[in-house]
Each structure stands twice: as C-alpha cells, then as structure tokens.
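Listed below, chain by chain, are the residues.
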Amino acid sequence: IPFAILMAVKFRKDLNPTYFFFCILTVVYQIYCGIYLGFMLVVPTALFLLITIIGGYIFHKKKILKLVWHIKILMGIIVNVLLLIPLMLPYLERKIVANNYHFNEILHSIPTLTSYVFSHKNSLLWSILSDVGKHYEAFWDHQIFTGIIASLSVLIAGYLVLKKALKTKFKLKKASSPSILIIVGIITLFLFLRFDNITAYKIIYYIPGFNSMRSLTRIINVELIFFGIATSYVFCKLFTATKIKKE
C-alpha cells in the first residue's frame, strides 16, 4: 500500500509513465495478496491518479498530449489488466449480482464515526471508549480506533489544507502532493462511511468486484497510511512554526 502511494506521488512529479505502471502493478500485486485490501486500495489510488492526470492536462499539455505518452499509459493499463485476469476469472464466474437486498445485508459492516473512536477494552489509555460501539452487529470489526493524536491530526490537516486551498482559490498547480494525499484520504474515508443507513459507499458498491466484499471496516488498513500522512503533515507544520517563532 505505501509503495503504491509512493509510485503515485512520483508519477505526479514528472508524469513519467514508468511510475504509473509500477503504481498500477503494485495495486495488482496487493489484489493478489488480498482481494479486500487490493480493491480498497484501488479507490484512493484511482482518485490520486485522476487528480494527477487532470492536473497534467491543465499544466503539462505539451508533455501529456504526446501520442507516445498516451501509448505508454495505455500499455501500462493493458499489461496490468492481463496480469489480473487469471485471478479474477474464477470470481467472475461466481459473482454476486449487485442489488439493494444484498447491499442492505452488508450495510452494517460499513464503519461509522463511532467506529473511529471505538477502542478495544485492553487499550492502555482509551478503555473508556470500549463500549461506545458494543451495540453494533459484529461490533469487534468496528473497533478501528486509530488513537486521539492520529484522529485529531486528520481533522487539523483537513482544516489546514482547506484553508490553504481557499487562500489559493483552489488552484491545483499550487497544491502539494501531501495536500492532495490528505484530500484523497478524507474523500476515501467519506466514501467508506455510514451515517445511520445513509452512505456514499453505494456509489462504489455498483462497481464490478466491490459488491463481493462483506466486511468494509477493513478499509482502515488502507486508511492508516493517510492517518499517518496527516499526522506527519501536522507535526511538520508545528515544528516549522515553532522554529520560525524561535528565530
């Protein structure tokens, strides 16, 4: 997962098709390692690559409009799809038809905001939060508390990125890769979030393959890298501000 994100960031730097290929290849490898995490990794990776390519067409027209660039990107996609076919064919043969009845069956497994503050009873500092989600079906799957520092960092980083975006009038060219990663992380969190029985995940559910997943709290395994990025982002800002103040 970190390697896929790293390759995506390197691809954004100079739009080198090689990094695009390795980014997709890593996602394919993750699907081979575990279908759940692989498919879930597709969401933030696709979002980041989409933002990158849109930005490329806006700011790097001369480079991105070359035919050879498009051929390399297309070849990278084709090769990785071919690599994925042997694994996916058996799943396609016994695929589940997406429908509202099946969606309602897996709805309870989509995390809520409570899930992100629902700690394990053996937590050293936060056992007081070990009962907040006990009423959930399969409540043990909803114990995805990441810690107060990481959780607060996501909120603070989101605020800082939004503040900067408003200041620059949402100019994509001025957005740094960490800022875009934080935005992608927050969008991913929102897409896999449930408010009572209302969730944006229904959009993703109808994408082929995603309707086969039944335990969606596992998205935390992908989101952890974004919690880490947000924490690093906030502390870097804090240390920079402190250094300037001292000088």
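Residues numbered from 1 in each chain as written. Predicted model: local features only at pLDDT ≥ 70, side-chain atom pairs only at ≥ 80, totals over all residues. Heavy atoms only, no water.

**Some words on the overall build of the protein**
- Helices and strands together make up the secondary structure of the protein, namely ten helices and two strands.
- For the protein, the succession of helices and strands along the chain, N to C, is α-α-α-α-α-α-α-α-β-β-α-α.
- By the compact-globule yardstick of 18 Å for 247 residues, the protein fits well, its C-alpha radius of gyration being 20 Å.
- Along the longest, intermediate and shortest principal axes, the C-alpha atoms of the protein span 65 × 55 × 30 Å.
- When contacts within the protein are restricted to residue pairs at least 6 apart in sequence, those whose partners lie at least 24 apart make up 74%.
- In the form shown here, the protein has an accessible surface area of approximately 14,500 Å², with 69% of it arising from carbon and sulfur atoms.
- Separation between the mean location of the 27 positive side-chain charges and that of the 9 negative ones in the protein comes to 19 Å. (Helix = DSSP H or I, 4+ residues; strand = E, 2+ residues; numbered from the N terminus. Rg over C-alpha atoms; globule rule 2.2 N^0.38 Å. Contact = heavy atoms within 4.5 Å. Areas by Shrake-Rupley, 256 points an atom, 1.4 Å probe, with all protein chains shown as cover. Lys, Arg positive; Asp, Glu negative; His and termini not counted. Charge placed at Lys NZ, Arg CZ, Asp CG, Glu CD.)

**Considerations on the pattern of salt bridges**
- This structure, assessed with the given rule, holds one salt bridge.
- Close ionic contact of D131 with K134 constitutes a salt bridge, the shortest N to O distance being 3.5 Å. (Salt bridge = Lys/Arg side-chain N within 4 Å of Asp/Glu carboxyl O.)

**Re unusual backbone geometry**
- Notably, L15 is not glycine yet its phi reads approximately 60°, a positive angle.
- The residue L15 is located in the loop between helix 1 (2-14) and helix 2 (17-33) in this model.
- Owing to a relative accessible area of 2%, L15 belongs among the buried residues under this scheme.
- One non-glycine residue with positive phi stands out, namely D196, at about 60°.
- Tracing the sequence through the fold places D196 in the loop between strand 1 (194-195) and strand 2 (198-199). (Buried < 20%, exposed > 50% of the residue type's maximum accessible area, 1.4 Å probe, protein only.)

**Thoughts on the packing of helix 1 against helix 3 (residues 35-59)**
- Interaxial distance between helix 1 and helix 3 falls to 10 Å at its minimum, and their mutual angle equals 5°. Looking at the two axes, helix 1 sits roughly parallel to helix 3. Contacts between helix 1 and helix 3 involve A4, I5, A8, V9, F11 and R12 from the first element and L41, T45, F48, L49, T52 and I53 from the second.
- Residues belonging to the contact of helix 1 with helix 3 are distributed by class as follows: nine nonpolar, two polar and one charged. (Axes fitted to C-alpha atoms, helices over the stretch in contact; angles between N-to-C directions. Parallel < 35°, antiparallel > 145°, perpendicular 65-115°, else oblique. Nonpolar A, V, L, I, M, F, W, Y, C, P; charged D, E, K, R; others polar.)

**Remarks on the packing of aromatic side chains**
- Using the criterion set out here, one finds eleven aromatic pairs in the structure.
- Look at F235 and F239: their rings are 5.9 Å apart centre to centre, the planes differ by 55°, and that puts the pair in the tilted class. Linking F235 with F239, this pair stays in helix 10 (residues 220-246), spanning four residues, or about one helical turn.
- The structure contains a cluster of three or more aromatic residues connected by ring pairs, namely F103, Y205 and Y206.
- Lying across the ring of Y36, R218 places its NZ or CZ 4.0 Å from the centre. (Phe/Tyr/Trp six-rings, centres within 6.5 Å; stacked < 30°, edge-to-face > 60°. Lys NZ or Arg CZ within 6 Å of the ring centre and 35° of its normal.)

**Focus on the confidence of the model for the protein**
- Per-residue pLDDT for the protein averages 89, and the proportion of residues at 70 or more is 95%.
- The element-level mean pLDDT for the protein is lowest in helix 4 (residues 61-64), coming to 74, with helix 2 highest at 96. (pLDDT = per-residue confidence, 0-100.)

**Comments concerning the environment of C236**
- Examined against the element boundaries, C236 turns out to sit in helix 10.
- Overall, C236 belongs to the partly exposed group, its relative accessible area being 49%.
- The sequence separation of C236 and S123 amounts to 113 residues, and the corresponding C-alpha distance is 28 Å.

**Some remarks on the environment of F145**
- Within the fold, F145 resides in the loop between helix 6 (100-106) and helix 7 (148-167).
- Take F145: its relative accessible area is 17%, and that puts it in the buried class.
- Setting aside its immediate chain neighbours within four residues, F145 contacts S115, Y116, V117, F118, S119, W126, L129 and S151.

**Section: helix 1**
- If you check helix 1, its first and last C-alpha atoms are 19 Å apart, about what 13 residues at 1.5 Å a residue would give, namely 18 Å.
- Every buried residue of helix 1 is accounted for by A4, I5, M7, A8, F11 and R12. On an axial view of helix 1, the arc spanned by its buried residues comes to 160°, and they lie on one face. Looking at helix 1, the residues exposed on the side facing more than 90 degrees away from the buried face are P2 and K13.
- L15 sits one or two positions beyond helix 1 and adopts a positive phi of about 60°. (Expected span 1.5 Å × (residues − 1). Arc of directions from axis to C-beta.)

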